[in-house]
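Fold and contact review
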Amino acid sequence: MRIDIITILPKLFEGPFSDSILKRAQDKGLVEIYLHNLRDYSTDKHKNVDDYQYGGGAGMVMRIEPIAACIEHLKKERDYDEIIYMTPDGVLLEQGVSNLLSTQQNLLILCGHYKGVDERVRDLYITREISIGSYVLSGGELAAAVLVDSVIRLVPGVLSDETSALTDSFQDQLLAPPVYTRPPEFQGKCVPEVLLSGDFKQIEQWREDMALKRTKERRPDLLK
Ligand code: 6GU
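Scope of this entry: the structure provided in the associated data block. Since the structure is predicted, the reported quantities are computational estimates derived from the model, not experimental observations.

Attention now moves to the nonpolar core. Counting 29 residues, the largest nonpolar core has Ile3, Ile5, Ile109, Leu147 and Ile152 as the members making the most contacts within it. Sort the elements by how many residues they give to this core and helix 6 (residues 141-152) lands first, with seven residues. Contact partners of Ile152, with chain neighbours within four places excluded, come to Ile3, Leu22, Ala25, Val31, Ile33 and Val158. One finds Cys70, Leu74, Tyr80 and Val121 within the second-largest nonpolar core, a separate group that totals 20 residues.

Burial analysis of strand 6 (residues 106-111) places six of its six residues in the buried class, which makes it a mostly covered element. Burial along strand 6 is two-sided: Asn106, Leu108 and Leu110 and Leu107, Ile109 and Cys111, pointing in opposite directions, are all buried. Sheet topology places strand 1 (residues 2-7) next to strand 6; five bridges connect them, and they run parallel. Looking at the pairing, Arg2 lines up with Asn106 of strand 6. As paired elements, strand 5 (residues 82-92) and strand 6 share five bridges and run parallel to each other.

Before going further, it helps to examine the pairing of strand 5. Each parallel crossover has a hand, and the one from strand 5 via helix 4 (residues 95-101) to strand 6 is right-handed. The pairing of strand 5 with strand 7 (residues 128-131) spans five bridges and is classified as parallel. Residue Leu92 lies in a different strand from strand 7, and its bridge partner there is Ser131.

On to helix 3 (residues 64-77), then. With 14 residues, helix 3 extends 20 Å from end C-alpha to end C-alpha; this agrees with the ideal 20 Å at 1.5 Å per step. Ile64, Pro66, Ile67, Ala68, Cys70, Ile71 and Leu74 are the residues of helix 3 that are buried. If you follow the buried residues of helix 3, they end up packed against strand 1, strand 2 (32-37), strand 4 (60-62), strand 5, strand 6 and helix 5 (119-124).

This next bit is on the pattern of salt bridges. Opposite charge on two side chains allows them to pair when their charged atoms are near. Scanning the model with the defined rule gives 12 salt bridges in all. Salt-bridge contacts for Asp221 lead to Arg219; the nearest nitrogen and oxygen are separated by 2.8 Å. For Arg219, a relative accessible area of 30% gives the class partly exposed. Salt bridges linked by common partners bring Asp89, Glu119, Arg122 and Glu129 together as one network.

Turning our attention to the sheet that holds strand 7. One open sheet accounts for five strands, arranged 2-1-6-5-7; its pairing is parallel. Two strands bound the open sheet, and with one partner strand each, they are strand 2 and strand 7. Sheet twist, expressed as the mean angle between neighbouring strand axes with direction ignored, is 30 degrees.

Turning our attention to the environment of Val97. With respect to the secondary-structure elements, Val97 resides in helix 4. Separated by 76 residues in the primary sequence, Val97 and Ile21 place their C-alpha atoms 20 Å from one another. Residues contacting Val97, with those up to four places away along its chain left out, are Arg128 and Ile130.

Another aspect to go through is the site of the ligand. Close to the ligand lie Met86, Thr87, Pro88, Ile130, Ser131, Ile132, Gly133, Tyr135, Leu137, Gly139, Gly140 and Ala143. One of the backbone N or O atoms of Ile132 is found 2.9 Å from a nitrogen atom in the ligand. Note that a nitrogen atom of the ligand is positioned 2.5 Å from one of the backbone N or O atoms of Tyr135. Surface burial for the ligand is 97%, taken as the share of its 290 Å² of free accessible area covered by protein chains. When residues of the shell around the ligand are traced back to their parent elements, those giving at least two are strand 5 and strand 7. Sort the elements by how many residues they give to the shell around the ligand and strand 5 lands first, with three residues. Looking at the shell around the ligand residue by residue, the class counts come to seven nonpolar, five polar and no charged.

The rules behind the values
- Residues numbered from 1 in each chain as written.
- Predicted model: local features only at pLDDT ≥ 70, side-chain atom pairs only at ≥ 80, totals over all residues.
- Heavy atoms only, no water.
- Core = buried A, V, L, I, M, F, W, Y, C linked by side-chain atoms within 4.5 Å.
- Buried < 20%, exposed > 50% of the residue type's maximum accessible area, 1.4 Å probe, protein only.
- Helix = DSSP H or I, 4+ residues; strand = E, 2+ residues; numbered from the N terminus.
- Contact = heavy atoms within 4.5 Å.
- Pairing = 2+ DSSP bridges.
- Right-handed = clockwise from strand over helix to strand, strands pointing away.
- Expected span 1.5 Å × (residues − 1).
- Salt bridge = Lys/Arg side-chain N within 4 Å of Asp/Glu carboxyl O.
- Axes fitted to C-alpha atoms, helices over the stretch in contact; angles between N-to-C directions.
- Near = heavy atom within 4 Å.
- Polar contact = N/O pair within 3.5 Å; in protein donor to acceptor, adjacent residues only side chain to side chain.
- Areas by Shrake-Rupley, 256 points an atom, 1.4 Å probe, with all protein chains shown as cover.
- Nonpolar A, V, L, I, M, F, W, Y, C, P; charged D, E, K, R; others polar.

Here's what the structure looks like:
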């Protein structure tokens, strides 16, 4: 899988992409991530990528020309399965979308800033608009890092069997059950008896029950 990211702040990705699972996925050759600095596609002398909005009002708008130049340049090299715009007014990201995107070959992600992009960018190029939650971030970069993390960990070979993505919260529309490790007792708090019983059928049943209980209490919306 190849992921191209268009951003005015490429440095923001250095941390998340250079460690742990995302780093290993790239080192193993399973995923290639390329960052493109939108300013490199601006033709004006100050490398501006934003401008005042028509109709007046506070806040700048990302101009279409540099974005179009960058996307056209990339599209000449390969076909993209999706061109995704990260924006707080996008569709809320859910596991099903990450699952779907993890099966694609080429993804292009555009990170929004300021008041967002000129609407014509969305009309002409964008195939999917994604938000990661009902709160406002300073830009789409951290949201894009979240999206990329959730997608890459699903690419076959990225995770080892013992950290299998199939047992994650949300993969079966349920939150994960509680987990414990040694010691069996800490400050009077004991590990549930059943987990020490060695009875795997009972353990499986307990985990199912707890997953359901936790989901009912915390995310009843997932059960509908
Ligand atoms: Cl994708 N972008 C921004 N700027 N804020 C957000 C978001 C995206 N998702 C939630 N809040």
